[in-house]
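Chains, contacts and geometry: an overview
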Amino acid sequence: MERKMNTEMFVLRSIACLSIALLHALYRVYDDGNTPWVESIGLLLTFGTPVFVFISQFVLSFAYPNGIPAGFWKKRIKYILLPYIFFGALYAVLKGLDMASTEGIPLLQASWYYLWRHLLLGDFHGYFILVIFQFYALYTLFQTYAKRFTPRTMLIVSFLINVLYLGFFNLTQPGDSVAAQYIWDKMYWIFSPGWIFYFTVAYYLGRNETWFREKLKQYRLAVYTLPILTGALVLFVNGQGWITAHSSKRIDMILFTLSMILFLFSIASSMRKVPRVLEWSSRYSFGIYLLHPLLLAMFVKLPSSFGLQNLGLFSVLLQFVLCVVGSAILMNIANRIPGGAFVVGRVGIGMNRGKKPKAPETPTTTGIGQPNQPTI
């Protein structure tokens, strides 16, 4: 891959990862976003989650336009799916401990209740890995069948599918059953129709990246203006109460997310080199995604004398920095232990400054935070 492509993916991956960590730190300090200005900022920060669908599929489309290579599935099972299983089990036990201490339910029973929900239903912040694996499989089908249709047709169809799918869950009410409540509340997140437009856009732009960069230069003014307009639209719709879900799974977030992708891609394309902090956070983004909710939860348990909860925006910044740096440190340590990369994922490849960079081997994913937090 040429340097420009790496520059853009490093920047997008880093910004997406950091936006999610910042969102969760913000909600930890400000009571899950019940303050209006916090709610507005938090809602816009959720764009980071669908950006990871774009990143993973753009990288695939650019690197493997004629078919996925040998060992493709083996690597992703080892470095993405196995960490999903481990952290699904870890968070299940931690939630089981909390339930056992507060409700008196036996630990094994409580942990099992969460374990099967985590692993089979993606009912924790790792749900996004299930989405990514669906698109890994779908990518092979696109390579075979998408050529039968024009890109315009595929983009229009995928956009309509995405809007109709999310619109159904955004604008209708579930039935009275527990199952319906759960589907409307969480389960619809994990299915590919809720993210299909990002995938399709990435598929075609990755295969036509030179044309894409030229178009970004040609329409630079529109690229810089769209995030403001679409972000204002999201806040207006939210303020009117037309869509009440505070997450990236909103139909109005599709336009805002796409505009942010174009904006960040354009900015990254003009960089001579990636700032070190963005390169670093991009390399550790998968570990940050998996670990930062755990560290944020630990901060809440610290005595108030540590000052992590009661200092307003300073508390947000402090928790944000600590959870990002702490997650990267833990991931670095784990990767130095034999088999540790199978637990927390593999540290990403750097830019090799001064040399031609290597392609990232494993597209990273991201997800949401703790239960009872607004969703991403």
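For every chain, the first residue of the written sequence is number 1, and numbering continues from 1 onward in sequence order. A pLDDT threshold of at least 70 governs which residues receive local features in this predicted model, and a stricter bar of 80 or more applies before side-chain atom pairs are shown or counted, although totals over entire chains, interfaces and linings include all residues. Hydrogens and water are ignored here; the side-chain numbers use all heavy atoms of the structure.

Further remarks concern the overall build of the protein. When helices and strands are tallied, the protein shows 16 helices and zero strands. Burial here depends on accessible area, computed with a 1.4 Å probe over protein chains only, as a share of the maximum for the residue type. Under 20% is buried, over 50% is exposed, and the range in between is partly exposed. Relative to its full complement of 376 residues, the protein shows a buried share of 53%. Two residues qualify as a contact provided that any one of their heavy atoms is within 4.5 Å of a heavy atom in the partner residue. In the protein, 81% of the contacts between residues at least 6 apart in sequence involve partners at least 24 apart. For every accessible area listed, the method is Shrake-Rupley and the probe measures 1.4 Å; residues are considered covered only by the protein chains on display. Total accessible area on the protein stands at roughly 17100 Å², and carbon and sulfur atoms take up 67% of it. The helix and strand labels rest on DSSP assignments: H or I over at least four residues marks a helix, E over at least two residues marks a strand, and numbering proceeds from the N terminus.

What follows is about the packing of aromatic side chains. Whether two aromatic rings pair depends on their centres lying within 6.5 Å, for rings of Phe, Tyr and Trp, where Trp uses its six-membered ring; planes under 30 degrees apart make the pair stacked, over 60 edge-to-face, and the rest tilted. Under the counting rule described, the total for this entry stands at 37 aromatic pairs. Taken together, a centroid distance of 4.6 Å and an interplanar angle of 55 degrees make the contact between Phe212 and Phe265 tilted. Of this pair, Phe212 sits in helix α10 (residues 209-218) while Phe265 is found in helix α12 (residues 251-269), placing the two residues 53 residues apart along the sequence. The buried category is assigned to Phe212, whose relative accessible area is 4%. Cluster of aromatic residues (ring-pair linked, three or more members): Phe135, Tyr139, Phe142, Phe199, Tyr203 and Tyr204. The ring of Tyr136 is capped by Arg76, whose NZ or CZ atom sits 5.6 Å from the centre of that ring. Charge-over-ring placement is defined geometrically: NZ (Lys) or CZ (Arg) within 6 Å of the ring centre, and within 35 degrees of the ring normal. In this structure, Lys249 is placed above the aromatic ring of Trp189, and the distance from its NZ or CZ to the ring centre is 4.2 Å.

To continue, consider the pattern of salt bridges. Any Lys or Arg side-chain nitrogen located within 4 Å of an Asp or Glu carboxyl oxygen qualifies as a salt bridge. A full pass over the atoms with the stated rule returns six salt bridges. Two residues, Glu8 and Arg213, come together in a salt bridge whose shortest N-O distance is 2.7 Å. Here Arg213 lies in helix α10 and Glu8 lies in helix α1 (residues 3-29), a separation of 205 residues in the sequence. In this structure, the salt-bridge partner of Asp252 is Arg250, at a minimum N-O distance of 2.8 Å. Look at Asp252 and you get buried, because its relative accessible area is 6%. In this structure Arg250 comes out as buried when scored by relative accessible area, which is 0%. Through salt bridges that share partners, Glu8, Glu209 and Arg213 make up one connected network.

We now examine the environment of Tyr139. By the element assignment, Tyr139 lies in helix α6 (residues 127-145). According to the relative accessible area criterion, Tyr139 is buried, its value standing at 1%. Sequence-wise, Tyr139 and Gln57 are 82 residues apart; in three dimensions their C-alpha atoms are separated by 7.9 Å. With near-sequence residues (within four places) excluded, Tyr139 lies in contact with Gln57, Leu60, Ser61, Tyr64, Pro65, Ile68, Phe199, Tyr203 and Arg207.

Right, let's get into the nonpolar core. Membership of the largest hydrophobic core comes to 100 residues, with the highest contact counts inside it found for Leu12, Val53, Phe54, Phe58, Phe128, Trp195 and Phe265. Considering each element in turn, this core owes the most residues, 14 residues, to α1. To qualify as a nonpolar core, a set must consist of buried Ala, Val, Leu, Ile, Met, Phe, Trp, Tyr and Cys residues joined through side-chain atoms within 4.5 Å.

With that out of the way, let us pick up the side chain of Ser61. Mapped onto the fold, Ser61 is located in helix α3 (residues 48-63). Take Ser61: its relative accessible area is 1%, and that puts it in the buried class. There is a polar contact of 3.4 Å between the side chain of Ser61 and the backbone nitrogen of Arg207. Those residues in contact with Ser61, other than ones at most four positions away along the chain, are Tyr139, Ala202, Tyr203, Gly206 and Arg207. In the analysis that follows, any N or O atom pair within 3.5 Å is treated as a polar contact, provided that within protein one partner can donate a hydrogen and the other can accept it, and provided that, for residues neighboring in sequence, both atoms belong to side chains.

With respect to the helices and strands, the residue Ala89 is situated in helix α4 (residues 72-103). For the pair Ala89 and Trp116, spaced 27 residues apart in the sequence, the C-alpha separation amounts to 8.8 Å.

This part covers the packing of α10 against α12. Only the contacting stretch of a helix is used when fitting its axis, a line to C-alpha atoms as for every element, and angles between N-to-C directions run 0 to 180 degrees. At a minimum axis separation of 10 Å, α10 and α12 run at an interaxial angle of 95 degrees. Taken together, the axes of α10 and α12 lie roughly perpendicular to each other. Residues Phe212, Arg213 and Leu216 of α10 form the contact with α12, whose participating residues are Leu262, Phe265, Ser266 and Ser269. Tallied by class, the residues present in the contact of α10 with α12 amount to four nonpolar, two polar and one charged. Under this scheme an angle from 65 to 115 degrees is roughly perpendicular, one under 35 degrees roughly parallel, and one over 145 degrees roughly antiparallel; angles in between are oblique. In this count, Pro and Cys sit with the nonpolar residues alongside Ala, Val, Leu, Ile, Met, Phe, Trp and Tyr, while Asp, Glu, Lys and Arg are called charged and the others, Gly among them, polar.

All right, on to the state of the cysteines then. Note on terminology: pairs of cysteine sulfur atoms within 2.5 Å are recorded as disulfides. According to the stated counting rule, one finds zero disulfides in the structure shown. Cys323 provides the cysteine sulfur closest to Cys17, a residue in no disulfide bond, and the two sulfurs are 8.7 Å apart. The class for Cys323 is buried, based on a relative accessible area of 0%.

Grouping into patches uses exposed residues only, defined as over 30% relative accessible area, and leaves out salt-bridged ones; the cut-off is 9 Å for like charges and 5 Å for nonpolar side chains (Val, Leu, Ile, Met, Phe, Trp, Tyr). A contiguous nonpolar patch, built from Leu317, Val321, Val325, Ile329, Leu330, Ile333 and Ile337 and spanning about 580 Å² of accessible area, is present on the exposed surface. Checked against the element boundaries, Ile329 lands in helix α15 (residues 313-335). Note on Ile329: relative accessible area 47%, which makes it partly exposed.

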